[in-house]
Amino acid sequence: NAGVTQTPKFQVLKTGQSMTLQCAQDMNHEYMSWYRQDPGMGLRLIHYSVGAGITDQGEVPNGYNVSRSTTEDFPLRLLSAAPSQTSVYFCASSYLYAYGYTFGSGTRLTVV
Amino acid sequence: KQEVTQIPAALSVPEGENLVLNCSFTDSAIYNLQWFRQDPGKGLTSLLLIQSSQREQTSGRLNASLDKSSGRSTLYIAASQPGDSATYLCAPLQSYGNQFYFGTGTSLTVIP
């Protein structure tokens, strides 16, 4: 059982470039979410999905886009990278919203 | 917005000590509260999940309590070991708004 898999683990982007952070889970979890972690600020929710075809914004959605075409995958797209998006990004999933959560190992993104 | 505070921010103890990590939150409208562990450069590992109707939860040397009405949770670690060194995060799960709010964590160092 792989759990929650995030790729890539590390990425360096130039300002203005776009990219997609991948997240996949093999636990048949309905709820998936993306968080960013910045020093001194804790983890903050970017976007979440309660099932295939359903997404919504979290606390810090600007500059990010998501879609959920399958139960397994929940990619996060950076449309035009900015230095303020330098962060560690975590994907998390849960069977249902009020159940326990499983986190991926993270993607460390640097925008120069 | 939920505010989560964890005290102390950092803690250094000799091996074998029993210790208590504190978490307070401002909004008691929660489904549950989850304690996580994060090792440097790694993802989050779930330690304990306490439902809002529960008072405490135990796993091995770990015991977590929850007082929802007063907005407090504590994580008790018995007979600490160097392998317990990590950052510990508490995260109440809102019963509305579809998200966790994370504290900034307690960084624990257990000295052999």
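Note that the structure is predicted; figures quoted are calculated from it, not measured.

> If you had to explain a nonpolar patch on the surface to someone new, which residues and values would you point to?
Residue and element names in this part refer to chain A. Taken together, the side chains of Tyr-95, Leu-96 and Tyr-99 define a hydrophobic patch exposed on the protein surface, amounting to about 300 Å² of accessible area. Position of Tyr-99 relative to the elements: it lies in the loop between strand E9 (87–94) and strand E10 (102–103). Relative accessible area serves as the criterion here: at 43%, Tyr-99 is assigned to the partly exposed category.

> How would you summarise the state of the cysteines if you had to cite specific residues and measurements?
Residue and element names in this part refer to chain A. One pass over the full model with this rule turns up two disulfides over all chains. The disulfide partner of Cys-23 is Cys-91, and the S-S distance across this bridge is 1.9 Å. Note on the Cys-23 and Cys-91 pair: the S-S dihedral is about -70°, so by sign convention the disulfide is left-handed. Residue Cys-23 is located in strand E3 (residues 19–25), and its partner Cys-91 is located in strand E9; the two are separated by 68 residues in the primary sequence. With relative accessibility at 0%, the residue Cys-91 sits in the buried group.

> Now, about the packing of aromatic side chains: what can you tell me, with residues and values included?
In the structure shown here, the tally under the stated rule is eight aromatic pairs over all chains. Measuring from centroid to centroid gives 6.0 Å for Phe-103 of chain A and Phe-102 of chain B, while their planes differ by 85°, and the two rings are edge-to-face. Linking Phe-103 of chain A in strand E10 with Phe-102 of chain B in the loop between strand E9 (86–94) and strand E10 (106–111), this pair reaches from one chain into another. There is no split in this pair, since Phe-103 of chain A and Phe-102 of chain B are both buried. Seen in terms of ring centroids, Phe-36 of chain B and Phe-102 of chain B are 5.9 Å apart; in terms of plane orientation they differ by 40°. Their pairing is tilted. Here the residue Phe-36 of chain B occupies a position in strand E4 (residues 30–38), and Phe-102 of chain B occupies one in the loop between E9 and E10, the gap between them amounting to 66 residues. Across the pair, exposure class does not vary: Phe-36 of chain B and Phe-102 of chain B are buried alike. By the ring-pair criterion, three or more aromatic residues cluster together here, those being Tyr-35 and Phe-103 of chain A together with Phe-36 and Phe-102 of chain B. Cation over ring: Arg-68 of chain A sits above Phe-74 of chain A, and NZ or CZ is 6.0 Å from the ring centre.

> Give me the nonpolar core: which residues, what numbers.
Grouped together as the largest cluster of nonpolar side chains are 22 residues, with contacts concentrated most on Leu-21, Leu-33, Trp-35, Leu-75, Ile-77, Tyr-88 and Leu-108 of chain B. At the level of elements, strand E3 (19–25), E4, strand E5 (44–51), strand E7 (62–67), strand E8 (72–77), E9 and E10 of chain B are the ones that each hand at least two residues to this core. If one sorts the elements of this core by residue count, E3 of chain B sits on top with four residues. Counting 19 residues, the second-largest nonpolar core is a separate cluster that includes Leu-13, Met-32, Ile-46 and Val-66 of chain A.

> Talk me through the environment of Ile-46 of chain A; I want residue IDs and the actual numbers.
Residues and elements named next belong to chain A. With respect to the element layout, Ile-46 can be found in strand E5 (residues 42–51). The exposure class assigned to Ile-46 is buried, which follows from its relative accessible area of 0%. Distance in space between the C-alpha atoms of Ile-46 and Gly-16 is 19 Å, their sequence separation being 30 residues. In this structure Ile-46 touches Trp-34, Tyr-35, Arg-36, Gln-57, Gly-58, Val-60, Pro-61, Tyr-64, Leu-76 and Tyr-89, once residues within four positions along its chain are discounted.

> Lay out the interface of chain B and chain A with the relevant residues and their values.
Each partner contributes to the interface: chain B provides 25 residues, whereas chain A provides 21 residues. Both sides together, the interface formed by chain B and chain A hides about 1600 Å², and carbon and sulfur atoms give 56% of it. Of the charged contacts in the structure, one is a salt bridge between Lys-1 of chain B and Glu-59 of chain A, with a shortest N-O distance of 2.7 Å. Remark: the boundary between chain B and chain A carries three residue pairs in polar contact (both at pLDDT 80 or more). Listed by contribution, the elements that provide at least two residues to the side of chain B that touches chain A are E4, E5 and E9 of chain B. For the side of chain B that touches chain A, the element with the highest residue contribution is E4 of chain B, accounting for five residues.

> Outline the environment of Asp-67 of chain B, listing residues and values.
All names here are of chain B. Take Asp-67: it is sitting in strand E7. Distance in space between the C-alpha atoms of Asp-67 and Asn-32 is 11 Å, their sequence separation being 35 residues. Polar side-chain contacts of Asp-67 include one of 3.0 Å to the side chain of Ser-70.

> Which residues make up the sheet that holds E5 of chain B, and what values go with them?
Sheets are built from strands that pair by backbone hydrogen bonding, the pairs being arranged parallel or antiparallel. Residue and element names in this part refer to chain B. Across the sheet, which stays open at both edges, the five strands sit in the order E2-E10-E9-E4-E5 with mixed pairing between neighbours. The sheet is open, and its two edges are formed by strand E2 (10–14) and E5, each paired on a single side. Taken over all neighbouring pairs, the strand axes of this sheet differ in orientation by 25° on average, direction set aside. Two elements, E9 and E10, share three bridges in a ladder whose sense is antiparallel. Within the sheet, the bridge partner assigned to Ala-86 lies in E10 and is Leu-108.

Parameters at a glance
- Residues numbered from 1 in each chain as written.
- Chains lettered and ligands numbered in written order.
- Predicted model: local features only at pLDDT ≥ 70, side-chain atom pairs only at ≥ 80, totals over all residues.
- Heavy atoms only, no water.
- Patch = residues over 30% accessible without salt bridge, like charges linked within 9 Å, V, L, I, M, F, W, Y side chains within 5 Å.
- Areas by Shrake-Rupley, 256 points an atom, 1.4 Å probe, with all protein chains shown as cover.
- Salt bridge = Lys/Arg side-chain N within 4 Å of Asp/Glu carboxyl O.
- Helix = DSSP H or I, 4+ residues; strand = E, 2+ residues; numbered from the N terminus.
- Buried < 20%, exposed > 50% of the residue type's maximum accessible area, 1.4 Å probe, protein only.
- Disulfide = S-S within 2.5 Å.
- Phe/Tyr/Trp six-rings, centres within 6.5 Å; stacked < 30°, edge-to-face > 60°.
- Lys NZ or Arg CZ within 6 Å of the ring centre and 35° of its normal.
- Core = buried A, V, L, I, M, F, W, Y, C linked by side-chain atoms within 4.5 Å.
- Contact = heavy atoms within 4.5 Å.
- Buried area = accessible area lost by both parts, 1.4 Å probe.
- Polar contact = N/O pair within 3.5 Å; in protein donor to acceptor, adjacent residues only side chain to side chain.
- Pairing = 2+ DSSP bridges.
- Axes fitted to C-alpha atoms, helices over the stretch in contact; angles between N-to-C directions.

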